[in-house]
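# Overview (structure and organization)
Chain residues, written in single-letter form:
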Amino acid sequence: RVLFRSMKSVQALIIKVTDSAKDNGISQRELAKRVGITPENLSRAKKKGEISASTLQAMAEVLDMELTLTARETMKKGKEAVQRGTLFNLKKPSMD
């Protein structure tokens, strides 16, 4: 069993998922019920920043979301491209 422990980034991730549920009309209580945990356990996970990977994945699936890991360097390059305004610059194929 994989458990993410006490990291602010994990806590932020849990909050993003529960906020997304709320935005989609799903209460935290209902989200917990759909993934098979108690509302108290979800509240505790949110507060402590601790959750199992399988529970986080189940919450994402309920919300039609996908969990992915991205290398920091890739994220950094993407952010820099956005800031430069070059993220979507596509070169036209050469007609040679």
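Relevant structure appears above.
These remarks concern the structure in this document. All figures in this text were calculated on a predicted structure; none of them were measured in a lab.

Let us look at a nonpolar patch on the surface. On the surface, a nonpolar cluster with roughly 340 Å² of combined accessible area is contributed by V82, L87 and F88. With respect to the helices and strands, the residue F88 is situated in the segment after α5 (72-84). Look at F88 and you get exposed, because its relative accessible area is 69%.

This part covers the packing of helix α1 (residues 8-23) against helix α3 (residues 39-48). Remark: α1 packs on α3, axes separated minimally by 7 Å, with the N-to-C direction vectors making an angle of 135°. Here α3 runs oblique to α1, going by the angle between their axes. Where α1 approaches α3, its residues Q11, I14, I15 and T18 are matched on the opposing element by L42, A45, K46, K47 and K48. Partitioned by chemical class, the residues of the contact of α1 with α3 number 4 nonpolar, 2 polar and 3 charged.

Here the focus is α1. When the terminal C-alpha atoms of α1 are compared, their 22 Å separation across 16 residues agrees well with the 22 Å that a helix rising 1.5 Å per residue should span. Regarding α1, the residues found buried are V10, I14, V17, T18, S20 and A21. One side of α1 holds all its buried residues, which, seen down the axis, span an arc of 155°. The exposed set on the far side of α1, more than 90 degrees from its buried face, consists of K8, S9, K16, K22 and D23. The positive-phi residue at the C-terminal boundary of α1 is G25, with phi of around 75°.

Turning our eyes to something else, we now look at unusual backbone geometry. We note that D64 has phi near 55°; this positive angle belongs to a residue other than glycine. Its location among the elements puts D64 in the loop between α4 (53-62) and α5. Accessibility expressed as a relative area gives 74% for D64, which makes it exposed.

How each quantity is defined
- Residues numbered from 1 in each chain as written.
- Predicted model: local features only at pLDDT ≥ 70, side-chain atom pairs only at ≥ 80, totals over all residues.
- Heavy atoms only, no water.
- Patch = residues over 30% accessible without salt bridge, like charges linked within 9 Å, V, L, I, M, F, W, Y side chains within 5 Å.
- Areas by Shrake-Rupley, 256 points an atom, 1.4 Å probe, with all protein chains shown as cover.
- Salt bridge = Lys/Arg side-chain N within 4 Å of Asp/Glu carboxyl O.
- Helix = DSSP H or I, 4+ residues; strand = E, 2+ residues; numbered from the N terminus.
- Buried < 20%, exposed > 50% of the residue type's maximum accessible area, 1.4 Å probe, protein only.
- Axes fitted to C-alpha atoms, helices over the stretch in contact; angles between N-to-C directions.
- Parallel < 35°, antiparallel > 145°, perpendicular 65-115°, else oblique.
- Contact = heavy atoms within 4.5 Å.
- Nonpolar A, V, L, I, M, F, W, Y, C, P; charged D, E, K, R; others polar.
- Expected span 1.5 Å × (residues − 1).
- Arc of directions from axis to C-beta.

It is worth stressing that arrangement in space is one thing and function is another; only the former is reported here.
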